[in-house]
Amino acid sequence: MSTAMNFGAKSFQPRPPDKGSFPLDHFGECKSFKEKFMKCLRDNHFENALCRNESKEYLECRMERQVQVNHYDFHLLLLQPKL
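Keep in mind that what you see is a predicted model, and the values were worked out from it rather than measured. (Residues numbered from 1 in each chain as written. Predicted model: local features only at pLDDT ≥ 70, side-chain atom pairs only at ≥ 80, totals over all residues. Heavy atoms only, no water.)

J.: I'm lost on the UniProt feature "domain: CHCH" (unreviewed entry) in the protein chain in this one. Help?
T.: When the UniProt feature table is mapped to this numbering, "domain: CHCH" (unreviewed entry) covers residues 30–64. Secondary structure within residues 30–64 divides into 74% helix and 0% strand; the distance between the first and last C-alpha atoms comes to 10 Å. (UniProt positions renumbered as here; feature names shortened; annotations may be inferred. Helix = DSSP H or I, 4+ residues; strand = E, 2+ residues; numbered from the N terminus.)

Printed below as a string of structure tokens:
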């Protein structure tokens, strides 16, 4: 009954992800890895568990070329004090 009396409570408003949260590979540096991964998905009826190696190779390519920020490094950046 208490939930019915929350007329002044703000409702949750979803928002889209920030721009650049998954950067695009503008120069196609990892295109061959992406194509290999997508072919694997198509060949396996989009069962992504069967394409883990291809997925791993694609994400490693993105991290090596700094297209994808390493999760650990990203959290370190957030923890650095602002000057």
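J.: So what exactly am I meant to see when it comes to the packing of helix 1 (residues 31–43) against helix 2 (residues 52–64) here?
T.: Geometry of a packed helix pair, given as the angle between the helix axes and the separation of the axes. The interhelical angle for the contact between helix 1 and helix 2, taken along N-to-C directions, is 160°, at an axis separation of 9 Å. With respect to each other, helix 1 and helix 2 are oriented roughly antiparallel. The chirality of how helix 1 crosses helix 2 is left-handed. Residues Phe-33, Lys-34, Lys-36, Phe-37 and Cys-40 of helix 1 form the contact with helix 2, whose own contacting residues are Glu-54, Ser-55, Glu-57, Tyr-58 and Cys-61. (Axes fitted to C-alpha atoms, helices over the stretch in contact; angles between N-to-C directions. Parallel < 35°, antiparallel > 145°, perpendicular 65-115°, else oblique. Left-handed = near helix turned anticlockwise from the far one by under 90°. Contact = heavy atoms within 4.5 Å.)

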